[in-house]
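Working through the structure, step by step
Residue strings, one per chain:
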Amino acid sequence: MSQTAARLLGLLSLLTVPRTWSGTELADRLNVSSRTVRNDIGTLRDLGYPVEGTRGGEGGYRMGSGGSAVPPLLLNPDEAVAVAVGLHSGLSCIIGGMEETSAQALAKLEQILPASVRNRVKNLAHFTVPLASNHPMPLVDPNLLTLIIEYCHGHQRFRFTYRPEAGASADQGETSTSADQRDTLSSQGHRSEFEVEPYRLVNHQHRWFLLTFDPTEEAWAIFRVEHIVPKIPGGRRFEPRDLPAQEIALTSSAM
C-alpha cells in the first residue's frame, strides 16, 4: 500500500468517529502538516465522502450524513464479476473454514457495486452451484497460511510440530528421493519436530501442502499444512536455494 493511500485510510478512520476534529488534531494524529490534511480532505470529497468543514475557533472536520456508506466501488463489469467469482468460489473454497467470511465479503461487495453491475453479480451467485466433494475438506487456519507466507518471504526457517492423522498414508516429511516409497517419519514415531526452510505453498485437490528444504535430511520435503502446529518464534534466516524443476516434479507427484 502506498504512503498516500495508507494516510487517506487513516484519515478516513478518524473521520468516521462521530465528533469534530480540528485540522491541528488530524495533523498531529497523522503526523503530517495541516496543509496535507486539507489536501487529503479534498481528495476524500472527490472520492464521494461527504466530509463537512466549519470555520472558527470551534470549527473543524467531521463526516457528514451518509458518510458511513462507502462510495460505489470503481470496478468495471468484468473486474467486478472476476472478484465475485473468486469470492463465490470461497463458499466451497480451497481454504477450509473461510466459507462464512467469503459469503460476508460477497454480500458487502454487492452493496458497494454500481447498480449496473450488481445484478450480474447476484445472478452469478444465484445460478452457479458448487459441486460437493466426496472427501471432506481439511480445515486450514488462514492465519497459518499467512504466517507460512511471511516465513517464505522473509527467508526464515519455520519451526513446527507435525501431527499427521493416525494411520494416514505418508505425505509429510517426504524427501524427493523417497517420495515413491511414501515413508512418513512422524507416523512411525521417529520424528515430529521440524525446522525447515519454507519455499512454496501448493494447493492440490483442496489441500494445502508446504514445499520445504529439510536441512536435517539435506533433501526437499513436503508437509500437509492442516497437520502443522507452528512454533513461535521461527528459526534463523537462510540463503534461498534454487528450486530445481526435477525436485518440484518429484515432490508434486508425492501429493
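Coordinates for the structure precede this section.
The structure contained in this document is the topic of the report that follows. Computed from a predicted model, the values in this text were never measured in an experiment.

Quick look at the overall build of the protein chain now. Along its length, the protein chain carries eight helices and eight strands. When burial is assessed residue by residue, the protein chain has 36% of its 255 residues classed as buried. A fraction of 59% describes how many contacts in the protein chain between residues 6 or more apart in sequence connect residues 24 or more apart. With the model as given, the accessible surface of the protein chain reaches about 15100 Å², and the carbon-plus-sulfur share is 52%.

Pairing is possible between side chains of opposite charge, provided their charged atoms come close. Taken as a whole and assessed by the stated rule, the structure comprises eight salt bridges. The partner of R159 in a salt bridge is E195, and the shortest N-O contact between them spans 4.0 Å. Of this pair, R159 sits in strand 3 (residues 158-162) while E195 sits in strand 5 (residues 193-204), and the two are 36 residues apart along the sequence. Between E197 and R241 there is a salt bridge, and its shortest N-O distance comes to 2.8 Å. Residue E197 is found in strand 5, and its partner R241 is found in the loop between strand 8 (228-230) and helix 8 (245-253); the two are separated by 44 residues along the sequence. By relative accessible area, E197 is classed as buried at 3%. Taken together, the salt bridges that share partners define one network made up of R157, R159 and E195.

Residue position: A80 is located in helix 4 (residues 77-89). For the pair formed by A80 and E110, sequence separation is 30 residues and the distance between their alpha carbons is 9.3 Å.

Cut-offs and rules
- Residues numbered from 1 in each chain as written.
- Predicted model: local features only at pLDDT ≥ 70, side-chain atom pairs only at ≥ 80, totals over all residues.
- Heavy atoms only, no water.
- Helix = DSSP H or I, 4+ residues; strand = E, 2+ residues; numbered from the N terminus.
- Buried < 20%, exposed > 50% of the residue type's maximum accessible area, 1.4 Å probe, protein only.
- Contact = heavy atoms within 4.5 Å.
- Areas by Shrake-Rupley, 256 points an atom, 1.4 Å probe, with all protein chains shown as cover.
- Salt bridge = Lys/Arg side-chain N within 4 Å of Asp/Glu carboxyl O.

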